[in-house]
Amino acid sequence: MCNKQQKTHVHLPLQEKINIIKSLNNGSTKNKLREIAEQYHISPSVVSRLKKNSESLKDVENLSPKVLQKRKVKKPVHNADLEKVLIRWFNEKRAAGEPVSGPLICEKALVLNEQLNGSENFKASNGWLHAFKKRYGIRQLSMKGEKLSADVDAAISFAFYFQNLVEEEGCDLSLIFNADESGVYWKRLPEVTLAGANEDYDCPGWKLKKDRVTVLFCSNADGSFTLPLLVIGKSERPRCFNNNYTTSLPVTYTHQASAWMNAKIFFSWYKDQFIPLVQAMQVQTQKYGKVLLLLDNANCHPPKEILNNVNENFKVEFLPPNVTSLIQPMDQGVFAKAKTLYRKDLLRLLILKNDHIAVQDFMKSFNLRDCCCMLAKAFQSLTQENLQNAWNKLRGISRVMEKNSNDSDNSTTISQMHAMVNKIKGLEKVDRSEVKEWLSEDQHEPGWKQLSDCEIIEIVTGKNPQTIAKEKLHERKIFQSIEPNSISIPSSEDINTTVHILHNWCKQKNEYTLSDYRLFRKWENLTMKKSQEEVSKSSDANNSDIIPKL
């Protein structure tokens, strides 16, 4: 008689559960379900149950990869809303390149807890900080200039993931894109231009220009196709644009009150520009297949679930937090090179007209239409090799921490620009260091607005902080208005009767469970015991009155 082999119960880590759900979203057939079950050595019913309960695992994706690989069940945490708001705030600061220390996290946690009307007993202790950092993989980072707050480990892990994705699925590099936005100070000149060589620094009628636009750059991985730049200005329709500016401009222009990128503008660009233009490119090149768009996790980008629902042949993948400066292609010299070429053309134009017009007058006549045309020309001037090299770190061709070869901050570029600036009348004595600073001043301008505490709280909780504050004040007023003597406490017998009636009512409902039965029995026994104690005390008191005093 042969013994039946017992089935072993497999406890999957959270990371594998997330991977299973992602695989199921790519195909929901029964064959797909069976394939996944065989791959992870689990039964199809477990896979089906994971898909059914996928909503409960959405919150764990922000946890550290080490935690996801080690932990097998989702553990509830105290102050869940506080942690969601705090990690969102932390990622906002890190994305902007700002250093965040442990004491600053604790201090911010106390402030946010107050705004969220959280527990008064909450203390941002060292133990809480250690657990918070461990849950979300926050570690001590060194400050290294432009690489401030960059997560090297996460960048290397994603680079390996990307390389495996390209190799296993046989993705065509011409169908893999990256898009990212950056701010451009389009009217800015070196600060020395505030005054000519023979003038005082209080130059009349001239001040430092702070005009800024946001520009979205997008290219594929083999550098064979670039999309027209998306330029975001403040005005809906600037005066310098003619009637048919939508077709005559070499860029796509849109507007926002502060010239920031936001989710609405990005979604419109993705749906109405990116997808149609890439589809037209596919028809022209006869290269069909799934298109992959890589984005960073900036708050101006809509969730990938929304973007991935637009077209089944187009997939969006987000880079991990804090890796933009290390591996995001558009940030690997593309921004810097395009901005340098733009400024070089600006200087050429200024040199040509400098014999007839002063610097101040030229900059007044230089308009947004000129800016759009020159930005488009600068981006189109980038060679296919420039665009290909921007993907080298992500593709594993060069090391993650290796310095960009086409970085604008090199001595040759600065020397050339310095020589051009010195040809302009009145700017002959401009210092080389000032030219270097001018070239890099908007290199890390993100092009999107950081969310305030109130905006983060509203996104995470769905409640406006002012509403939370009003609710807290209202509760406090009600509590303070209640006098202890004004509360009438019912007798234990009355409470026992009420609990018994409520228990009988709940028994008639479909939601009634064994746990409910045990809870009600516990309260019935407790109230009955209290009632009997009250009767016993009352009886003893009456008997003591009857007993004669000696």
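Predicted, not measured: the structure shown is a model, and the values here were computed from it.

Some remarks on the overall build of the protein
Move 1: A tally of helices and strands in the protein yields 23 helices and 6 strands.
Move 2: Among the 550 residues that make up the protein, the fraction classed as buried is 41%.
Move 3: A separation of at least 24 residues holds for 70% of the contacts in the protein among residues at least 6 apart in sequence.
Move 4: Of the accessible surface of the protein, which amounts to about 32,600 Å², a share of 50% is contributed by carbon and sulfur atoms.

Side note on the pattern of salt bridges
Move 1: Summed over all chains, the structure comprises 10 salt bridges.
Move 2: As a salt-bridge pair, D453 and K108 come within 2.4 Å of each other at their nearest N and O atoms. Remark: K108 occurs in helix α6 (residues 102-115) and D453 occurs in helix α20 (residues 453-461); sequence separation between them is 345 residues. Residues D453 and K108 agree in their burial class; the two are buried.
Move 3: Two residues, R521 and E524, come together in a salt bridge whose shortest N-O distance is 2.9 Å. Of the two residues, R521 and E524 both sit in helix α23 (residues 514-546), 3 residues apart, roughly one turn of that helix.
Move 4: Of the residues examined, R521 reaches a relative accessible area of 34% and is grouped as partly exposed.
Move 5: Judged by relative accessible area, E524 falls into the buried class, the value being 4%.
Move 6: Put simply, K304, K315 and E317 are held in one network by salt bridges that share partners.

Points about the packing of helix α5 (residues 80-95) against α6
Move 1: Closest axis-to-axis distance for the α5/α6 pair is 10 Å, and the angle between their directions is 130 degrees. Taken as axis vectors, α5 and α6 run oblique relative to one another. Crossing of α5 against α6: the hand is right-handed. Of the residues in α6, those in contact with L82, V85, L86, W89 and F90 of α5 are L104, I105, K108, A109, L112 and N113.
Move 2: Residues of the contact of α5 with α6, tallied by class, amount to 9 nonpolar, 1 polar and 1 charged.

A word on the sheet that holds strand β2 (residues 212-220)
Move 1: Pairing is mixed in the open sheet, where 6 strands are placed in the order β4-β3-β2-β1-β5-β6. Only two strands of the sheet have a single neighbouring strand rather than two, namely β4 (252-255) and β6 (314-318). Within the sheet, the average angular offset between the axes of one strand and its neighbour, ignoring direction, is 25 degrees.
Move 2: In this structure, β2 lies alongside strand β3 (residues 230-233), joined through 3 bridges in antiparallel fashion.

Concerning a negative patch on the surface
Move 1: Residues E493, D494, E533 and E534 make up a contiguous surface patch of negative charge.
Move 2: Turning to its location among the elements, E534 is positioned in helix α23.
Move 3: Assessed through its relative accessible area of 40%, E534 is described here as partly exposed.

Some details on the nonpolar core
Move 1: Core analysis: the largest hydrophobic core is formed by 63 residues, its most contacted members being F162 and I327.
Move 2: In terms of residue count, the dominant contributor to this core is helix α15 (residues 368-380) (8 residues).
Move 3: Filtering out sequence-adjacent residues up to four positions away, I327 remains in contact with A155, F158, L319, Q332, K393, L394 and V400.
Move 4: Membership of the second largest hydrophobic core comes to 28 residues, among which are L230, I232, V278 and V291.

Digging into the pairing of strand β1 (residues 176-185)
Move 1: With 10 of its 10 residues buried, β1 lies for the most part within the structure.
Move 2: Side chains I176, N178, D180, S182 and V184 project from β1 onto one buried face, and the interleaved F177, A179, E181, G183 and Y185 project onto a second face that is buried too.
Move 3: Taken together, the 3 bridges between β1 and strand β5 (residues 291-295) define a ladder with parallel strand orientation. Paired with I176 across the bridge in β5 is L292.
Move 4: Summarising the sheet, β1 and β2 pair through 9 bridges and their orientation is antiparallel. Residue pairing across strands places D180 opposite F217, the latter belonging to β2.

So, α15
Move 1: Helix length check: α15 (13 residues) gives 18 Å between terminal C-alpha atoms against 18 Å at 1.5 Å per residue, within 8%.
Move 2: Along α15, the residues classified as buried are L368, C371, C372, M374, L375, A376, A378 and F379.
Move 3: Of the surrounding secondary structure, the elements contacted by the buried residues of α15 are β1, β2, β3, β4 and α13 (334-353).
Move 4: Capping the start of α15 is the job of one residue whose side-chain oxygen sits 3.1 Å from the backbone nitrogen of R369: N367.

Some points on the pairing of β5
Move 1: Taking burial as the measure, the 5 residues of β5 include 5 buried ones, the bulk of the element.
Move 2: Residues of β5 alternate between two faces, with V291, L293 and L295 on one and L292 and L294 on the opposite face, all of them buried.
Move 3: Note: β5 against β6, 5 bridges, orientation parallel. If you follow L294 over to β6, its bridge partner there is E317.

What about the side chain of Q332?
Move 1: Here Q332 is to be found in the loop between α12 (324-327) and α13.
Move 2: Residue Q332 is classed as buried on the basis of its relative accessible area of 3%.
Move 3: Polar contacts involving the side chain of Q332 include one to the main-chain carbonyl oxygen of T324, which spans 3.4 Å.

Here's the deal with the environment of L368
Move 1: Following the sequence through the fold, L368 ends up in helix α15.
Move 2: Looking at L368, the relative accessible area reads 10%, which means it is buried.
Move 3: Setting aside chain neighbours within four positions, we find L368 in contact with W186, V213, P238, C240, F241 and Y253.

Side note on unusual backbone geometry
Move 1: One non-glycine residue with positive phi stands out, namely N117, at about 60 degrees.
Move 2: In this structure, N117 sits in the loop between α6 and α7 (126-136).
Move 3: The backbone of A259 shows a phi angle near 60 degrees, a positive value even though the residue is not glycine.
Move 4: Here A259 is to be found in the loop between β4 and α10 (263-285).
Move 5: Take A259: its relative accessible area is 0%, and that puts it in the buried class.

Rules of the game
- Residues numbered from 1 in each chain as written.
- Predicted model: local features only at pLDDT ≥ 70, side-chain atom pairs only at ≥ 80, totals over all residues.
- Heavy atoms only, no water.
- Helix = DSSP H or I, 4+ residues; strand = E, 2+ residues; numbered from the N terminus.
- Buried < 20%, exposed > 50% of the residue type's maximum accessible area, 1.4 Å probe, protein only.
- Contact = heavy atoms within 4.5 Å.
- Areas by Shrake-Rupley, 256 points an atom, 1.4 Å probe, with all protein chains shown as cover.
- Salt bridge = Lys/Arg side-chain N within 4 Å of Asp/Glu carboxyl O.
- Axes fitted to C-alpha atoms, helices over the stretch in contact; angles between N-to-C directions.
- Parallel < 35°, antiparallel > 145°, perpendicular 65-115°, else oblique.
- Left-handed = near helix turned anticlockwise from the far one by under 90°.
- Nonpolar A, V, L, I, M, F, W, Y, C, P; charged D, E, K, R; others polar.
- Pairing = 2+ DSSP bridges.
- Patch = residues over 30% accessible without salt bridge, like charges linked within 9 Å, V, L, I, M, F, W, Y side chains within 5 Å.
- Lys, Arg positive; Asp, Glu negative; His and termini not counted.
- Charge placed at Lys NZ, Arg CZ, Asp CG, Glu CD.
- Core = buried A, V, L, I, M, F, W, Y, C linked by side-chain atoms within 4.5 Å.
- Expected span 1.5 Å × (residues − 1).
- Polar contact = N/O pair within 3.5 Å; in protein donor to acceptor, adjacent residues only side chain to side chain.

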